[in-house]
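Given next are the chains, with one letter for each unit.
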Amino acid sequence: MLFRSIYYYSYAKTTQDAKKEAKHCLSLLKEQGITPEDLDLPVAFDIEEEATFQTGRSNVTAITTTFCDALKDAGYEPMVYSGASALKRFFEYHKIKSYKIWVAHYTKANRPSVPFRYDMWQYTSRAVINGANTGMGYCDLNYYLVDKNYKE
């Protein structure tokens, strides 16, 4: 089964930057004719730049909520993507918990090391799948958690 989504990588260091990025993301969606109804999964906001994290936990959280709220206001479902250690260290979870969370954590454990709910888990960046490989020969693999009563 094929699921469609959008992934937006952020370089924002301020909430003003996040507003610009959200506007840019929405303009790209419009330009491509992609409506909220066209997507099976949320629009993922990837926030993992060290320069952003250096701006502090409160600011990183504000950047995230600014982008995600703009997407939500436009009718799209947002999702926050970052690494497990970053999510624990640089985000105020109580302010982002209303969004879906996609955590990257490459571990042999049977779940990522986060003390909160998550909706998607990127568990490896070293998968080899015919037809899906990058120039390096590897691709990411994820689990997307769905309701056990989900019907296609």
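Data block above holds the structure.
The model shown is predicted, which means the values in this text are computed figures rather than measured ones.

S.K.: Tell me about the sheet that holds strand S3 (residues 78-83), and name the residues and values.
M.R.: Read from one edge to the other, the open sheet built from six strands follows the order S1-S2-S3-S4-S5-S6, with strand pairing classed as mixed. Each edge of the open sheet is held by one strand with a lone partner, namely strand S1 (6-9) and strand S6 (139-144). Each neighbouring strand pair of the sheet contributes to a mean axis angle of 25°, computed without reference to strand direction. Pairing analysis gives five bridges linking S3 to strand S4 (residues 100-104), with the strands arranged parallel. Residue Met-79 lies in a different strand from S4, and its bridge partner there is Lys-100. Helix-sheet contacts for helix H1 (residues 15-31) involve S1 and strand S2 (43-46), and the interaxial angle to S1 is about 145°.

S.K.: Can you explain helix H3 (residues 57-73)? Please cite residues and give values.
M.R.: The α-helix winds at 3.6 residues per turn, so residues separated by three or four positions along the chain end up facing the same way. Spanning 17 residues, H3 covers 24 Å between terminal C-alpha atoms, matching the ideal 24 Å at 1.5 Å per step. Residues of H3 that are buried: Val-60, Thr-61, Ile-63, Thr-64, Thr-65, Thr-66, Phe-67, Cys-68 and Leu-71. One or two residues past the end of H3 sits Gly-75, with phi positive at roughly 100°.

S.K.: Hey, could you go over the pairing of S2 for me, with residue numbers and the actual values?
M.R.: Burial along S2 is two-sided: the face carrying Val-43 and Phe-45 and the face carrying Ala-44 and Asp-46 are both buried. In this fold, the crossover linking S1 to S2 by way of H1 has right-handed handedness. In the sheet, S2 pairs with S3 via four bridges, with the strands oriented parallel. Bridge assignment links Asp-46 to a residue of S3, and that residue is Tyr-81.

S.K.: An account of the pairing of S1 is requested, with residue identities and associated values reported.
M.R.: Pairing between S1 and S2: four bridges, direction parallel. Within S2, the position partnered with Ile-6 by the bridge is Val-43.

S.K.: Summarise the nonpolar core; cite the residues concerned and give the values.
M.R.: In terms of nonpolar packing, the biggest core is built from 31 residues, with Phe-67, Leu-71, Val-80, Leu-87 and Phe-91 touching the most fellow members. If you list the elements that add at least two residues to this core, you get H1, S2, H3, helix H4 (84-90) and S4. The element best represented in this core is H3, accounting for five residues. For Leu-71, the contacting residues outside a window of four places in its chain are Ala-22, Cys-25, Leu-26, Leu-29, Val-43, Tyr-76 and Pro-78. With six residues, the next largest nonpolar core counts Ala-44, Tyr-81, Trp-102 and Ala-104 among its residues.

Cut-offs applied
As a convention, each chain's residues are numbered from 1 in the sequence order in which they are written. Per-residue local features are limited, in this predicted model, to residues with pLDDT of at least 70; the limit for side-chain atom pairs, both in listing and counting, is 80 or more; totals at the level of whole chains, interfaces and linings are taken over all residues. Note that the side-chain values use all heavy atoms of the structure and ignore hydrogens as well as water. Strand pairing is assigned whenever DSSP identifies at least 2 bridges connecting the two strands. Only DSSP runs of H or I with at least four residues qualify as helices, and only runs of E with at least two residues qualify as strands; both kinds are numbered from the N terminus onward. Geometry is summarised by axes, namely lines fitted to C-alpha atoms with helices restricted to the contacting stretch, and by angles between N-to-C directions that run from 0 to 180 degrees. Contacts between residues were defined by any pair of non-hydrogen atoms, one from each residue, lying within 4.5 Å. Helices are assigned an expected span. That span is 1.5 Å times one less than the residue count. Three labels apply to residues, based on accessible area from a 1.4 Å probe with only protein chains included: buried if under 20% of the type maximum, exposed if over 50%, partly exposed otherwise in between. Orient the strands so they point away from the viewer, and a crossover whose first-strand-to-second-strand path over the helix runs clockwise is right-handed. Buried Ala, Val, Leu, Ile, Met, Phe, Trp, Tyr and Cys residues that are joined via side-chain atoms within 4.5 Å together make up what is termed a nonpolar core.

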